[in-house]
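Secondary and tertiary structure notes
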Amino acid sequence: ERRVRPVAADSGVYWAQKPRTAAAGASGGAAGARGAFVVVRRVRSDSRGRQRITPAPAPTSLAMDGPAYMKRKVKYGSIDVDLEANSLVVNYEVEAAVLGGHGEVMKNDTKAFKKIIKLKQLNEHSNIPLLAEDVVDKCDLIHEDSLPLVERLLYELQRYQVDEGSRADSQRRIEKEARRKKKEERRARAEAKEREEAAAKEKVEVASMDNIDTYMEMMYEDDINAKVKATALILQLARNVGNLEPLIQNESLLGALSRTLKEEYKKNMDLTINIMHIFFSFSTFSQMHPVLVNFRIGDMCMRVLDLEKKRYTMRIANLEVLTKLAEAQASGNKEEEDRIRTAATEAEDEEEAAGGAGGGDDAATRAGDAAVLSCRILLVSDVHAAVKRVAALAAWCRAHVPGASTPDAGGPSWREGDGARGVAGVGSGQPFLSCVLASGDLADMPEAEQTVLESVGSGEGDAAAVVAGLEDILCRVVYVPGNHDPVSMCDLESPPQLTSHSTSAHNRAVRIAPGLSVVGFGGSVPAYQDGKQRWLGFPYTEDHMRAGLGALLRPSAAVSEAEAAAAAAASKAQSASGDATAGGGDASEADVFASEGVSLSGPTATLPHAPPGDDIILMTHCGPQDVATTMDGVKDPAKPISSGSRALREALLEPDMQARVVCNVHGHTHNAAGQAWLGGVRVINPGSLRYGANFGLLSLRRRDERSRWRVVACEFHSLP
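Cut-offs and rules
- Residues numbered from 1 in each chain as written.
- Predicted model: local features only at pLDDT ≥ 70, side-chain atom pairs only at ≥ 80, totals over all residues.
- Heavy atoms only, no water.
- Pairing = 2+ DSSP bridges.
- Helix = DSSP H or I, 4+ residues; strand = E, 2+ residues; numbered from the N terminus.
- Axes fitted to C-alpha atoms, helices over the stretch in contact; angles between N-to-C directions.
- Parallel < 35°, antiparallel > 145°, perpendicular 65-115°, else oblique.
- Left-handed = near helix turned anticlockwise from the far one by under 90°.
- Contact = heavy atoms within 4.5 Å.
- Buried < 20%, exposed > 50% of the residue type's maximum accessible area, 1.4 Å probe, protein only.
- Arc of directions from axis to C-beta.
- Core = buried A, V, L, I, M, F, W, Y, C linked by side-chain atoms within 4.5 Å.
- Phe/Tyr/Trp six-rings, centres within 6.5 Å; stacked < 30°, edge-to-face > 60°.
- Salt bridge = Lys/Arg side-chain N within 4 Å of Asp/Glu carboxyl O.
- Patch = residues over 30% accessible without salt bridge, like charges linked within 9 Å, V, L, I, M, F, W, Y side chains within 5 Å.
- Areas by Shrake-Rupley, 256 points an atom, 1.4 Å probe, with all protein chains shown as cover.
- Lys, Arg positive; Asp, Glu negative; His and termini not counted.
- Charge placed at Lys NZ, Arg CZ, Asp CG, Glu CD.
- Polar contact = N/O pair within 3.5 Å; in protein donor to acceptor, adjacent residues only side chain to side chain.
- pLDDT = per-residue confidence, 0-100.

Structural notes on the sheet that holds strand β15 (residues 532–535)
Strand order in the open sheet made by the 4 strands is β15-β14-β19-β18, with antiparallel pairing throughout. Looking at strand neighbours, the two that pair on one side only are β15 and β18 (631–632), the edges of this open sheet. Here strand β14 (residues 527–529) pairs with strand β19 (residues 641–642) via 2 bridges, running antiparallel. Note that in β19 the partner of Tyr528 across the bridge is Ser642.

Side note on the packing of helix α6 (residues 224–238) against helix α8 (residues 251–264)
Look at α6 against α8: their axes get within 12 Å of each other, and the N-to-C directions meet at 135 degrees. Here α6 is positioned oblique relative to α8, judged by the angle of their axes. As for the relative orientation of α6 and α8, their crossing is left-handed in sense. Residues Ile224, Lys227, Thr231 and Ile234 of α6 form the contact with α8, whose participating residues are Leu253, Leu257 and Glu264.

Focus: the environment of Ala232
When you line up the elements, Ala232 lands in helix α6. As for Ala232 and Tyr215, which are separated by 17 residues in sequence, their C-alpha atoms are 9.5 Å apart.

Structural notes on helix α3 (residues 128–138)
Along α3, the positions that sit buried rather than exposed are Ile128, Leu131, Ala132, Val135 and Val136. Across the axial projection of α3, the buried residues extend over an arc of 135 degrees, all falling on one side. In α3, those exposed residues whose orientation departs by more than 90 degrees from the buried face are Leu130, Asp137 and Lys138.

With respect to the nonpolar core
Counting 35 residues, the largest nonpolar core has Tyr215, Ile234, Leu257, Phe279 and Phe282 as its most contacted members. Going through the elements one at a time, α5 (212–219), α6, α7 (244–248), α8, α9 (269–282) and α11 (297–331) are the ones with two or more residues in this core. For this core, the element with the most residues is α6, which contributes 8 residues. Not counting residues within four places of it along the chain, the set of residues in contact with Leu257 comprises Met219, Thr231, Ile234, Ile275, Ile278 and Phe279. With 32 residues, the next largest nonpolar core counts Cys397, Val436, Ala463 and Met489 among its residues.

Let's talk about the sheet that holds strand β12 (residues 508–513)
The 7 strands are arranged β16-β12-β13-β17-β20-β22-β21 in an open sheet whose pairing can be described as mixed. Edge positions in the sheet fall to β16 (606–607) and β21 (674–678), since each has one partner strand and no second. The pairing of β12 with strand β13 (residues 516–521) spans 5 bridges and is classified as antiparallel. Its bridge partner being in β13, Arg511 is matched across the sheet by Ser517.

Some details on the packing of aromatic side chains
Each aromatic ring pair is summarised here by two numbers: the centre-to-centre distance and the angle between the ring planes. In the structure shown here, the tally under the stated rule is 4 aromatic pairs. Seen from their ring centres, Trp396 and Phe695 are 5.0 Å apart, and the 70 degrees between their planes marks the pair as edge-to-face. One end of the pair, Trp396, is in helix α14 (residues 387–400); the other, Phe695, is in strand β23 (residues 694–702), and 299 residues separate them in sequence. Residue Phe695 is classed as buried on the basis of its relative accessible area, which comes to 0%.

As for the environment of Leu131
With respect to the secondary-structure elements, Leu131 resides in helix α3. Ignoring any residue separated from it by four or fewer positions in sequence, one finds Leu131 in contact with Gln121, Leu122 and Leu154.

Section: the pattern of salt bridges
Taken as a whole and assessed by the stated rule, the structure comprises 19 salt bridges. With a closest N to O distance of 3.3 Å, Arg708 and Asp615 form a salt bridge. On the criterion of sequence distance, the pair formed by Arg708 in the loop between β23 and β24 (710–718) and Asp615 in strand β17 (residues 615–620) is long-range, its members being 93 residues apart. Bridged by salt links that share partners, the residues Glu177, Arg180 and Glu184 form one connected network.

Regarding a negative patch on the surface
Taken together, the side chains of Asp213, Glu217, Glu221, Asp222 and Asp223 make up a negatively charged region of the molecular surface. Looking at the secondary structure, you find Asp222 in the loop between α5 and α6.

Let's talk about a positive patch on the surface
A cluster of basic residues, Lys182, Lys183, Arg186, Arg187 and Arg189, forms a positive patch on the protein surface. Here Arg186 shows up in helix α4 (residues 147–202). Under the relative-accessibility criterion, Arg186 is labelled partly exposed at 44%.

What to know about the pairing of β15
Sheet topology places β14 next to β15; 3 bridges connect them, and they run antiparallel. In the strand pairing of β15, Ala527 is matched with Trp535. Joining the antiparallel neighbours β14 and β15 is a turn of 2 residues, in which Asp530 adopts a positive phi near 55 degrees.

Here we look at the side chain of Asp485
Counting through the fold element by element, Asp485 comes out in the loop between β10 (477–480) and β11 (502–504). Put simply, Asp485 is tucked away with no salt bridge, and the nearest opposite charge, on Arg690, sits 11 Å away. For Asp485, the side chain forms a polar contact with the main-chain nitrogen of Ala443, separated by 2.7 Å. If we skip the residues at most four places from it in the chain, Asp485 touches Gly440, Asp441, Leu442, Ala443, Met445, Gln450, Val480 and Phe538.

Let's talk about the confidence of the model for the protein chain
Within the protein chain, residue pLDDT values average 76, and 74% of them lie at 70 or more. Across residues 407–429, confidence stays below pLDDT 50; counting only partners more than four residues off in sequence or on other chains, it has 56 contacts. Throughout residues 566–603 the model reports pLDDT below 50, and contacts reaching past four residues in sequence, or to other chains, amount to 68 contacts.

Written as structure tokens, this is what we have:
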């Protein structure tokens, strides 16, 4: 029989005594009498229910001959702390002994081990006693008598964490202070430079009574800066009491000052303040009061005050509207946003109506002008040389858009908006078509050929064919180049004239109606997706775009009266030569528009900048960055392609552009047709005519020559 006894409880390991064998008996000895003992392992029963006992593998490190079993003992060791790893290190030893049949130690071995206890929950607010008890309870290798030691080590770890945090905070404070000092140094240098520039400006010319005629001549110049300088020099003289009598006796000077104040008080505040200070110096002496009354200076001062009061009220109202709009946009309340815009539009209409009913001298000066004007503009973009699509668009416009040309004759373009003459067609209720705006990519040139001389002519021919097709709709087409047009169309100084009835608005202004100019800048900037560049811009970068727009969208006062008058005269001559083809406009209406620099047929004269006081339709090829009309998310909505310009966005958000720009019309992003808002500016993308058969119709209206043009409708269509 075999005797089987367990080596350790529930270990599954047993040692057994083999029966005495003949060989063992022959050799004799105690081992032979008792039989050989071996360490065995019991396994599961087999399929017949029989239990099998198999020898257990001998330990490799303690292999020995003869019968044996093993005894294991764990000895507690020291406990250390790892400050960098935020953990406790428990050292212990394992002693293994091989015992003989009678329990004697035949061989033993001892090995040292470490256990790392991570303390992720330890922080400056931890309860150390509770945490120490938890560590001792959960770790069998730490004796309960070591609880005070564990607490002490945990306190040491906690203090180290607090000190490290303090050192990190101190380093951050040092870096922040260094950045602050560097910023202050830059500000100090900038202020010093400003003081130097101010000191240079303060070295102004000293006025002299001998040069009074020169100062008067400067007041008749077209340059507004020359007028400001002249009035500043005269003000120097007026502050000297000894000069008042000869100045007040100079009727030509008083007439020039009163005329300049009457004509320019709405345009330049510095000029207005200088002239009013001069008259204030005169008013100090009662003997000069009759002269001031004779030139109606008091009436002009009241007009200036009334204008500034209205401007202040308008600024406050606009600020309140913009604040409410920002709050509605931040909360995502689309209904509230639409309600605020509608209320603002209605308030503007009421104000314009009240201003138009005021009468007085201003009403008299406006007698004979068109009091209410409306216009309708066809918007196309990204044609990509699809001449057949242009022909289909022309057929659609002749059937659905009042004022579109027939194939054989040019159609009417402008009408007054009062009553029967303001509508076209039978019961259409729509103003006549006024202009066609094409916002780039007329041709479809590969990038490699856009700057090749042999290919540029072919590209211009493709673009001219598209423009000629648009002229079948209306013989007044204004366009800007896109990133697939030849590089010659992006010439900032003299872009090519594609056809006889079209005008390039690239880097210039085109006046299309009284008080309304199209200011254009073509080309595109690089597009990005998920922070990575998808394609290059042509022919510009963001820096080029920023520089071009900055020079183009300068303040209205930068355009001289001479420039505006020259454009008006040129356009009037063009209108006179084109009366035979204009069709439908009476002489008085043509005179009104020609006097404003607008031709009723053919190309309109261009200006380097929009005339002072004109509202602006900004036409670009690529739109502003981070608006819905420049984000293409058709292929990957989670990572849309952003093809807008950051420089254009910054320009449109400037306060003066928010006040002057009626809307920004662009193309470039084929799959984002529609409209969005950037502050108070409407951004419109008609979509691609070639790749989506998309186009748009824009309707604008204003009540009189004092009111702003505004968008009353924007329609988006697709060809069947």
